[in-house]
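As a plain string of letters, each chain reads:
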2 protein chains.
Amino acid sequence: MRKWECVLSPDEGEPVGIELAGGRGPFVIVCEHASATLPRSMGDMGLSEEALRSHIAWDPGALAVARLLSQQFDSPLVFQKFSRLVYDCNRPPESSAAMPMKSEIYTVPANENVDGAERLARTRALYRPFHSAVSTLIDERTGAGLATSLITVHSFTPVYFGKPRAVEVGILHDADARFADDILSAAASGNRHDVRRNEPYGPADGVTHSLILHGISRGIPNVMIEVRNDLIADQTGQGVMAGYLSELIAAAIGQQDKNNKTFVNVRSHQN
Amino acid sequence: MRKWECVLSPDEGEPVGIELAGGRGPFVIVCEHASATLPRSMGDMGLSEEALRSHIAWDPGALAVARLLSQQFDSPLVFQKFSRLVYDCNRPPESSAAMPMKSEIYTVPANENVDGAERLARTRALYRPFHSAVSTLIDERTGAGLATSLITVHSFTPVYFGKPRAVEVGILHDADARFADDILSAAASGNRHDVRRNEPYGPADGVTHSLILHGISRGIPNVMIEVRNDLIADQTGQGVMAGYLSELIAAAIGQQDKNNKTFVNVRSHQN
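Residues numbered from 1 in each chain as written. Chains lettered and ligands numbered in written order. Predicted model: local features only at pLDDT ≥ 70, side-chain atom pairs only at ≥ 80, totals over all residues.

## Things to note about the overall build of chain A
Keep this limit in mind: Numbered from the N terminus, helices here are DSSP runs of H or I no shorter than four residues, and strands are runs of E no shorter than two. Our radius of gyration looks at C-alpha atoms and nothing else; its globule reference is 2.2 Å times the residue count to the power 0.38. Three exposure classes are used. Buried residues have 20 or more other C-beta atoms within 10 Å of their own C-beta, exposed residues have 12 or fewer, and partly exposed residues fall in between, all C-beta atoms being placed from the backbone. Whether two residues are in contact depends on their C-beta atoms, placed from the backbone: they are in contact if these lie within 7 Å.
A tally of regular secondary structure across chain A gives six helices and 11 strands. A compact globule built from 271 residues would reach a C-alpha radius of gyration of about 18 Å, and chain A, at 18 Å, matches this within 12%. By its C-alpha atoms, chain A is 60 × 45 × 35 Å across when sized along the principal axes. Across the 271 residues that make up chain A, the buried fraction comes to 54%. For chain A, the proportion of contacts with a sequence separation of at least 24, taken over those separated by at least 6, is 84%.

## A word on the relation of the copies chain B and chain A
Put simply, the rule is: When the copies are superposed, the least-squares fit takes in the C-alpha atoms of residues with a pLDDT of at least 70 in both.
Relative to chain A, chain B is turned by 180° and slid 0.0 Å along the rotation axis, the superposed coordinates differing by an RMSD of 0.0 Å. Such a combination of turn and shift is consistent with a two-fold rotation axis. Residue B:Leu213 of chain B places its C-alpha closer to the rotation axis than any other residue of that unit, at 2.8 Å.

## Focus on the nonpolar core
The nonpolar side chains of a soluble globular protein tend to be buried, and buried together. Note the following rule: Working definition: the nonpolar core is a set of buried Ala, Val, Leu, Ile, Met, Phe, Trp, Tyr and Cys residues, joined through C-beta atoms within 7 Å.
Counting 151 residues, the largest nonpolar core has A:Val65 and B:Val65 as its most contacted members. Those residues within four positions of B:Val65 in sequence are excluded, and the remaining contacts are B:Val153, B:Val227, B:Ile232, B:Gln238, B:Met241 and B:Ala242.

## Topic: unusual backbone geometry
All names here are of chain A. Cis geometry is found at the peptide bond from Glu-199 to Pro-200, where omega equals 5°. One can find Pro-200 in the loop between β10 (195-197) and α5 (209-216). The phi torsion at Leu-20 lies on the positive side, around 50°, for a residue other than glycine. You will see that Asn-198, though not glycine, has its phi angle at about 45°, which is positive.

## Topic: the sheet that holds strand β3 (residues 77-80) of chain A
The strands that make up a sheet are held in pairs by hydrogen bonds between backbone atoms, and each pair lies either parallel or antiparallel. Residues and elements named next belong to chain A. The condition that has to hold: Here, any two strands with at least 2 DSSP bridges between them count as paired. Think of each axis as a best-fit line through the C-alpha atoms, taken over the contacting stretch in the case of a helix, with angles from 0 to 180 degrees between the N-to-C directions.
Across the sheet, seven strands lie side by side as β1-β3-β2-β6-β11-β9-β10; this open sheet has mixed pairing. Every other strand in the sheet has two partners, leaving β1 (16-19) and β10 as the edge strands with one partner each. Between one strand axis and the next, the sheet turns through 20° on average, direction left out of account.

## Looking at the interface of chain B and chain A
To be explicit about the condition: Each residue receives one of three labels: charged for Asp, Glu, Lys and Arg, nonpolar for Ala, Val, Leu, Ile, Met, Phe, Trp, Tyr, Cys and Pro, and polar for the others, Gly being one of them.
Listed as interface residues are 48 residues of chain B and, on the opposing side, 48 residues of chain A. Of all the elements in the fold, those that place two or more residues in the side of chain B that touches chain A are α3 (116-143) and α5 (209-216) of chain B. With 10 residues, α3(B) is the largest single contributor of residues to the side of chain B that touches chain A. The residue makeup of the side of chain B that touches chain A, split by class, is 20 nonpolar, 19 polar and nine charged.

## Some remarks on helix α6 (residues 235-255) of chain B
Residues and elements named next belong to chain B. Heads up, the condition is: What a helix should span is 1.5 Å times the count of its residues minus one. What the arc covers is the set of directions going from the helix axis to the C-beta atoms.
Helix length check: α6 (21 residues) gives 30 Å between terminal C-alpha atoms against 30 Å at 1.5 Å per residue, within 8%. Listed in full, the buried residues belonging to α6 are Gln-238, Met-241, Ala-242, Tyr-244, Leu-245, Leu-248, Ile-249 and Ala-252. Taken down its axis, α6 places every buried residue within 165° of arc, on the same side. Across α6 from its buried face, at more than 90 degrees, point the exposed residues Gln-235, Thr-236, Gly-243, Ala-250 and Gly-254. Those residues of α6 hidden inside the fold are in contact with α2 (62-72), α4 (178-188) and β11 (222-228).

## What about the packing of helix α2 (residues 62-72) of chain A against helix α6 (residues 235-255) of chain A?
All names here are of chain A. Cut-off, in case you're wondering: When describing relative orientation, an angle under 35 degrees is termed roughly parallel and one over 145 degrees roughly antiparallel, while 65 to 115 degrees is termed roughly perpendicular and anything else oblique. Crossings are classed by handedness, with left-handed meaning an anticlockwise turn of the near helix from the far one by less than a right angle and right-handed meaning a clockwise turn.
Between α2 and α6, whose axes approach to 9 Å, the crossing angle comes to 50°. Between α2 and α6, the angle falls in the class oblique. Two packed elements cross with a definite hand, and for α2 against α6 that hand is right-handed. Contacts between α2 and α6 involve Ala-64, Val-65, Leu-68, Leu-69 and Gln-72 from the first element and Gln-238, Gly-239, Met-241, Ala-242, Leu-245 and Ser-246 from the second.

## Observations regarding the environment of A:Leu137
Residue and element names in this part refer to chain A. You can see Leu-137 is positioned in helix α3 (residues 116-143). Along the primary structure Leu-137 and Gly-22 are separated by 115 residues, whereas in three dimensions their C-alpha atoms are 9.2 Å apart. Sequence-distant contacts of Leu-137, that is, excluding residues within four places in its chain, are made with Ala-21, Val-28, Pro-76 and Val-78.

## A short note on the sheet that holds β11(B)
Residue and element names in this part refer to chain B. The sheet built from seven strands is open, its strands ordered β1-β3-β2-β6-β11-β9-β10 with mixed pairing. Every interior strand has two partners, whereas the edge strands, β1 (16-19) and β10 (195-197), have only one. Taken over all neighbouring pairs, the strand axes of this sheet differ in orientation by 20° on average, direction set aside. Strand direction decides the pairing type here: strand β9 (residues 169-172) and β11, joined by four bridges, are antiparallel. Each bridged residue has a counterpart across the sheet, and for Val-169 the counterpart in β11 is Val-227. Of the strands in this sheet, β1, β2 (27-31), β3 (77-80), β6 (149-156) and β11 touch α2, which is tilted by about 150° from β6. The sheet contacts of α3 involve β1, β2 and β3, and relative to β3 the element is tilted by about 175°.

## Regarding the pairing of β2(B)
Residues and elements named next belong to chain B. Among the five residues in β2, five count as buried, and that is most of the element. Because side chains alternate across β2, one face comprises the buried residues Phe-27, Ile-29 and Cys-31, and the other comprises Val-28 and Val-30, equally buried. As defined by bridge partners, β2 adjoins β6 across four bridges and the pair is classed as parallel. From the neighbouring strand, Ile-29 faces β6, where its bridge partner is Ile-151.

## Digging into the confidence of the model for chain A
Low pLDDT means the predicted atomic positions in that stretch should not be read closely. To keep it simple, the criterion reads: How sure the predictor is of each residue is captured by pLDDT, a score from 0 to 100.
Here chain A averages 94 in pLDDT, while 94% of its residues score no lower than 70. Of the regions scoring below 50 in pLDDT, residues 258-267 of chain A engages in 26 contacts with residues more than four places distant in sequence or in other chains.

## So, the environment of B:His55
Along the polypeptide, B:His55 turns up in the loop between α1 (49-53) and α2. Along the sequence, B:His55 and B:Arg122 sit 67 residues apart, while their C-alpha atoms lie 21 Å from each other. What B:His55 contacts, discounting residues up to four positions off in sequence, is A:Asn271, B:Pro60, B:Thr157 and B:Asn229.

## Notes on the packing of α3(A) against α3(B)
What describes two packed helices is the angle between their axes and the distance between those same axes. Two numbers describe how α3(A) lies on α3(B): the axes approach to 11 Å, and their chain directions differ by 165°. Taken together, the axes of α3(A) and α3(B) are roughly antiparallel relative to one another. Where α3(A) crosses over α3(B), the handedness of that crossing is right-handed. Where α3(A) approaches α3(B), its residues A:Gly116, A:Ala117, A:Arg119, A:Leu120, A:Thr123, A:Arg128, A:Asp139, A:Glu140, A:Thr142 and A:Gly143 are matched on the opposing element by B:Gly116, B:Ala117, B:Arg119, B:Leu120, B:Thr123, B:Arg128, B:Asp139, B:Glu140, B:Thr142 and B:Gly143. Its residues assigned to classes, the contact of α3(A) with α3(B) comprises four nonpolar, eight polar and eight charged.

So this is what it looks like as structure tokens:
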């Protein structure tokens, strides 16, 4: 059986995209599943054209919405430039879902025999640079006196294992629900969309890795936004959804302490 | 007022110590408060000799115990080579306790006017290399097919704000209590020491940063061990305590699934 090896050529560029790095707005916006691009070394990963264009390879529309939010709030955006089929940057290296052998109805041939060396190669090529970029960016903002809240932007498929999903927007959180609570409160005051907490999946499904790594570990507010991808399939839909999310987010930060401090995790030194 | 600036000279070496990097045992052992050494650029930080030798500068005895555990279990040890007064590597850059202005009864003059540039300089010099080293090490172990559980080793002062502490060993955890539960069960079957859960402080005090960053984010078992420092003030005490902790830890890993998998955080891919 063929052994697939991920090697990024220098001409394929950095795996991490950063926009508005110097934006002084209150957020860092992260998009782990921004791209369906495969490193050349991975060929087609044994998948059909259809599969490689589908939601198993990326989150369609998510980058466009994330970018609009980034611009709206003058806040940095960090996104992954390669497909989550090679490495899903919202999963730790220990997770089988980081390089899934199966995704929904598709078997992923290139992930069926990932040995330890290949796991480490992909971790080094895609995962570690991505999360180092996010960490470095938040460090720099903290140094510049800018308080940061973390927003990750995703999309989900309207039909999963043949079953339609009614939820339109998921507001996901792990142990720290502050930001999600405020967004959900804002959503409840209108009824433009079907917005739900921790749907269509939640922390028990292992989807809050980036929130834990960059939000909870630092004590900064954090939320994961999931949009049903049929609503953001084109520019019009993306613009409408980004506008709607901007309203919710703006209302949510209006709820936050007006005297919000840069160093939010203030606690006494323990000895 | 003097502005203190942390600059590490090349001859002061790397801020991170790593021992038994290739150890194939089941743990990565982390010691954030291993050293009372100050970078030369920080002078005496405005503190007395007595303060600089005290528990506010480091966790006395913790490195010695951590090293014995590392050797006992053939497991890598990562430790910080500079004092937590400059940067407390068990706190994120956003936390005021990362560079405490006050620690117990002592005011820390060098930390009274830390501006953003200095905060970033210390983050870059001490915090980021330390945690990058831990991340890289666990990545490599995962690539080598070695399952990792995380143990952080600390000590606490027997008298805090004038009040004696009866607890001798604290077994601390955050949201993931698996490893701590098993150690506490083992401790309960003997009565050699006063061992307590989340004492003399716990997750609400912000002391579980490393556990969240490297343990919970990866889905790997993790625990923070706190030993009262009068029990590990000399080699004899350190050896006795390391022996005791080794027994608890060995019993705890005996409790873990015999079919323990390398990729512990196995979950389906969500779309």
